[in-house]
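Topology and contacts: notes
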Amino acid sequence: MKSVAVIGASLAGLYAARALRAQGFDGRLVIVGDERHRPYDRPPLSKDFLTGASGQEQLALADAEEIAELDAEWLLGTRATGLDTAAGAVLLDGGRSLSADGVVLATGAAPRRLPGEVPTGTHTLRTLDDAQALRADLAGGARRVVVIGAGFIGAEVASSCAALGHEVTVVEAAPLPLVPQLGEEMARICATLHADHKVTLLTGTGVSRLHGAGADGRVTAVELSDGRLLGADVVVVGIGVRPHTAWLEGSGLPLDDGVVCDAGGVTPLPHVVAVGDVARAAGSRAEHWTSATEQAAVAVRNLLAGSTVATHRSLPYFWSDQYGVRIQFAGRRAPGDTPRLVEGSPDDRSFLACYERDGRTTAVLALNRPRPFMRLRRELARATRPATA
Amino acid sequence: MIPVCHLADLPVGESVRIDTAPPVAVFNADGQLYAIDDTCTHQDASLADGWLEGCLVECPLHAASFDLRTGAPTCLPARRAVRTHPVTVEDGMIYVHHLAEEGTAA
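What counts as what
- Just so you know, the residues in each chain are numbered from 1, in the order the chain's sequence is written.
- Chains and ligands are labelled by the order in which they are written, letters from A for the one and numbers from 1 for the other.
- For a predicted model such as this one, the threshold for reporting local features is a pLDDT of at least 70, and the threshold for listing and counting side-chain atom pairs is 80 or more; totals across whole chains, interfaces and linings nevertheless cover every residue.
- With hydrogens and water stripped out, all remaining heavy atoms of the structure feed into the side-chain values.
- UniProt positions are given in the numbering used here, feature names are shortened, and annotations may be inferred rather than shown by experiment.
- Any two strands with at least two DSSP-identified bridges between them are counted as paired.
- Under the scheme used here, helices are H or I runs from DSSP no shorter than 4 residues and strands are E runs no shorter than 2 residues, and both carry numbers assigned from the N terminus.
- Working definition: a ring pair exists when centres of Phe, Tyr or Trp rings (six-membered ring for Trp) sit within 6.5 Å. Plane angles under 30 degrees give stacked, over 60 give edge-to-face, the rest tilted.
- Summary of the burial criterion: residues with accessible area below 20% of their type's maximum are buried, those above 50% are exposed, and those between are partly exposed, where the area comes from a 1.4 Å probe applied to protein chains only.
- Charge-over-ring contacts are defined here by two conditions on Lys NZ or Arg CZ: a distance within 6 Å of the ring centre and an angle within 35 degrees of the ring normal.
- The term salt bridge refers to a side-chain nitrogen of Lys or Arg lying within 4 Å of a carboxyl oxygen of Asp or Glu.
- Expected span of a helix, by definition, is 1.5 Å for each gap between consecutive residues, and there is one gap fewer than residues.
- Any pair of residues with heavy atoms lying within 4.5 Å of one another is described as a contacting pair.
- Delimitation of the domains relies on an automatic or database domain assignment.
- Defined in terms of a 1.4 Å probe, buried area is the accessible area two parts forfeit on being brought together, summed over both.
- As used in this structure description, the phrase polar contact means that two N or O atoms lie within 3.5 Å; if the pair is within protein, one of them must be able to donate a hydrogen and the other to accept it, and residues adjacent in sequence are counted only when both atoms belong to side chains.
- As a working rule, the residues Ala, Val, Leu, Ile, Met, Phe, Trp, Tyr, Cys and Pro are called nonpolar, Asp, Glu, Lys and Arg charged, and the rest polar, with Gly in that last group.

Labelled according to an unreviewed UniProt entry, chain B appears under the name Bifunctional 3-phenylpropionate/cinnamic acid dioxygenase ferredoxin subunit, originating from Streptomyces lydicus.

If you look chain A up in an unreviewed UniProt entry, it shows as Pyridine nucleotide-disulfide oxidoreductase from Streptomyces lydicus. Taken verbatim from the UniProt record of chain A, the Cofactor (unreviewed entry) comment is "FAD".

1. As for the sheet that holds strand β10 (residues 144-148) of chain A
Residue and element names in this part refer to chain A. The strand order β9-β16-β10-β11-β12 describes an open sheet built from five strands, whose pairing is parallel. At either margin of the open sheet sits one strand with a lone partner, and together these are β9 (122-123) and β12 (200-203). Pairing of β9 with strand β16 (residues 234-237), which is carried by two bridges, proceeds in the parallel orientation. In the sheet register, H123 faces β16, and the bridge partner there is V236.

2. Points about the packing of aromatic side chains
Residue and element names in this part refer to chain A. Applying the stated rule across the entire model yields six aromatic pairs over all chains. Taking the centre distance of 5.8 Å and the plane angle of 65° together, the rings of F329 and Y355 count as edge-to-face. Of this pair, F329 sits in strand β22 (residues 325-331) while Y355 sits in strand β24 (residues 350-357), and the two are 26 residues apart along the sequence. Comparing F329 with Y355 shows no difference in burial state: the two are buried. Through successive ring pairs, a cluster of aromatic residues spans F152, F318, F329 and Y355. Between the NZ or CZ atom of R18 and the centre of the ring of Y15, over which it lies, the distance is 4.7 Å. Sitting above the plane of the W74 ring, R38 keeps its charged end 4.8 Å from the centroid.

3. Considering the pattern of salt bridges
Residues and elements named next belong to chain A. Within this structure, the stated rule accounts for 28 salt bridges over all chains. Residue R36 is joined to D129 by a salt bridge in which the shortest nitrogen-to-oxygen separation is 3.1 Å. Highlighted residues: R36 in the loop between β2 (28-33) and α2 (48-51) and D129 in helix α4 (residues 128-137), separated in sequence by 93 residues. Here R36 falls in the exposed class, since its relative accessible area comes to 59%. By relative accessible area, which is 31% here, D129 ends up partly exposed. Linking R209 and E223 is a salt bridge whose minimum nitrogen-to-oxygen distance equals 3.3 Å. Residue R209 is located in strand β13 (residues 207-213), and its partner E223 is located in strand β14 (residues 218-224); the two are separated by 14 residues in the primary sequence. With relative accessibility at 47%, the residue R209 sits in the partly exposed group. Three or more residues joined by partner-sharing salt bridges are found here, namely D257, R280, R285 and E287.

4. Notes on helix α1 (residues 11-22) of chain A
Residue and element names in this part refer to chain A. Along its twelve residues, α1 runs 16 Å from first to last C-alpha, staying within 8% of the 16 Å computed at 1.5 Å per residue. Of all twelve residues making up α1, eleven are buried, and the element is well covered by its neighbours. Of the positions making up α1, those classed as buried are L11, A12, G13, L14, Y15, A16, A17, R18, A19, L20 and R21. Packed against the buried residues of α1 are β1 (3-7), β2, α3 (64-70), β3 (73-76), β7 (102-105) and α8 (289-305).

5. Examining unusual backbone geometry
Look at the link from B:A21 to B:P22: it is a cis peptide, with omega at -5°. Relative to the helices and strands, B:P22 is located in the loop between β2 (15-18) and β3 (24-29). Even without a glycine there, the phi angle at A:K198 is positive, about 60°. Locating A:K198 in the fold gives a position in the loop between α7 (184-196) and β12. For A:D257, which is not glycine, the phi dihedral falls at a positive 50°. With relative accessibility at 41%, the residue A:D257 sits in the partly exposed group.

6. Some details on the domain arrangement of chain A
Many analyses report the size of an interface as the accessible area lost when the parts associate. Residues and elements named next belong to chain A. Looking at the assigned domains, one finds that chain A contains domain 1 (3-110 + 241-305), domain 2 (120-237) and domain 3 (324-384). Here the C-alpha centroids of domain 2 and domain 3 sit 28 Å apart. Contacts between domain 2 and domain 3 engage twelve residues on the former and twelve residues on the latter. The junction of domain 2 with domain 3 conceals about 1000 Å² of combined surface from both sides, 68% of it contributed by carbon and sulfur atoms.

7. A look at the UniProt feature "domain: Rieske" (unreviewed entry) in chain B
As annotated by UniProt and renumbered to match this structure, "domain: Rieske" (unreviewed entry) occupies residues 2-96 of chain B. Between the C-alpha atoms that bound residues 2-96 of chain B the distance is 5 Å, and the span itself is 0% helix and 45% strand.

8. Digging into the interface of chain B and chain A
Residue-level contacts link 20 residues of chain B with 21 residues of chain A. Regarding the contact of chain B and chain A, the summed buried area is about 1700 Å², with carbon and sulfur atoms giving 48% of it. Ranking the residues of chain B by area buried against chain A places B:W51, B:L61 and B:R79 at the top, with a combined share of 35%. Inspection of the chain B/chain A interface yields four salt bridges. Notably, a salt bridge pairs B:E58 with A:R378, separated by 2.8 Å at the nearest N-O pair. The interface formed by chain B and chain A holds eleven residue pairs in polar contact (both at pLDDT 80 or more) in total. Residues of the side of chain B that touches chain A, tallied by class, amount to eight nonpolar, six polar and six charged.

What follows is the structure, given as C-alpha cells:
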C-alpha cells in the first residue's frame, strides 16, 4: 500500500494516522479535515473551554513535533464530497480529487438540529468554532439560557452556564433524562444534580418553536409543546448527533446509521475502513472518546493487512463532568439490570454502583469515586474480553 | 518540606494526595516512595486516584500512564511530563520537598 487518505482530522482520524506510522506504513499519508483546525480534543468544549478555565492551546491533540513526525499532507478546511470506489479516489470540494490505495473514514457525527429556521443566539455544540461562538454569546453578562436536551452534552453545558452565573433552564422531552444510558434509578439520581445548582429541569415536554425579534432576529423565547413560553437570551440545542455519512451516499458502501463495517472496522471493501463515531462496527456504533481511540489501531492493522486479521470489542466507557461531579460509566447495561450500591451515598453525590444480572456484574457507575471505579472497570474488561482477542 | 503522613499509613500499592499548590500525589510503589504532581497533564484528573502498577501510574480518566521515577508519560494521550518531587522519611513520617516554582524541577 503506497498511499492512504484519512478522511476526518478528528480524534479517531489522528489516532488512525498515528497507528499507520506506528505500524510501519511509510507511504503517502493525506489527512483531510473539513474544519480549519488541526485535531483537537472535544470533551473540554462543553466544560473547561466553555467556562474559560482552559484555552484553545490546551485542546490540541498533537504538538508541532508530532505533526512533523507524522509526515502527513494536511488538507484542512476541505470537505470530502464523495468516494469513487472504482477509481480509488476521494472527491473533494472544489472539484478536486485525491487518489489513494487505502481510505480511513473518520468523519464523525454532526449535531441534530431543530427543524426550520432558528433565530440568532441559537447554538449547537460540537466543534471548536461552535464552542467559541457560544462562549462569545455568554460573555455579555448574565443571560437567560435555555438548553434543549438533558443528555450528557446538555447537562454539561447547563453546568458550565450555571458556573458562569447565568440563569439556566434545561428542557427534556423524555420523562427523565439519561434513562437509556443509566437506567431509571441511577438516572433519577443524576437528574438531581441540576436542582443542586439552581438549574431548572423541565421534563416530559418538547419544543414547538423558537421565537425571535428585532432587526437581528435574536432569540427571545422558547415555546414548549404544551404552550408555555420560556424567556431566553441564548439557546443551546443538545439533542444528539447523526453520523456524517451523507457524502458517502452512492459510493456503494452500506450505510445504516453509520458506515457498516465488521468488528475490525473493515467495510465490504477491504481497502476502506471506518473508525470513531461514524463507524457502525459489528452492529453497534459508539460515540465515546475511548472507543474512537481504540478502534483506530485495529482498523489500521486490518487495512495494512488487506483483510480482517484483528477485531476489537472494547468495554464501553464514558464519563461526564457536571456541577463538580465526575460521572463515570463502563460496561454493557441491559434494561432490567439491577443497580446495587457498593459504596458511598447518592445523598453525598459520591458513590459506586454495580449493575447486576443473574448475579453477574454487567456495568459499573461512579459519581466522584474514580479509584474504585477504575478497579472495577478493569475487572469488568478482563471478565468480558472475548477469548479470541 | 511538607509532612504527608506516617509511613505506616501508606502501605504498598497505596497513594495519597496532598493539597499543595499545585497538588502532589505520593505513592508507595513496592516499598519505594515517589511524589509527582497530582494532576494529569492531559486533562483534569487526580493521579492519586490512578492505577498503580510497578513504577507506573495510569490516569483514572483516559488511561494516560506516567513513570513515577521521571514523571515522563509512557503512552498517549498525555504528552507532557508531570514534575517529580523528592521524598524523605524521618522518624517514621513521610515528607515531600515540594518544588513550588515552575522550572525548578530537578
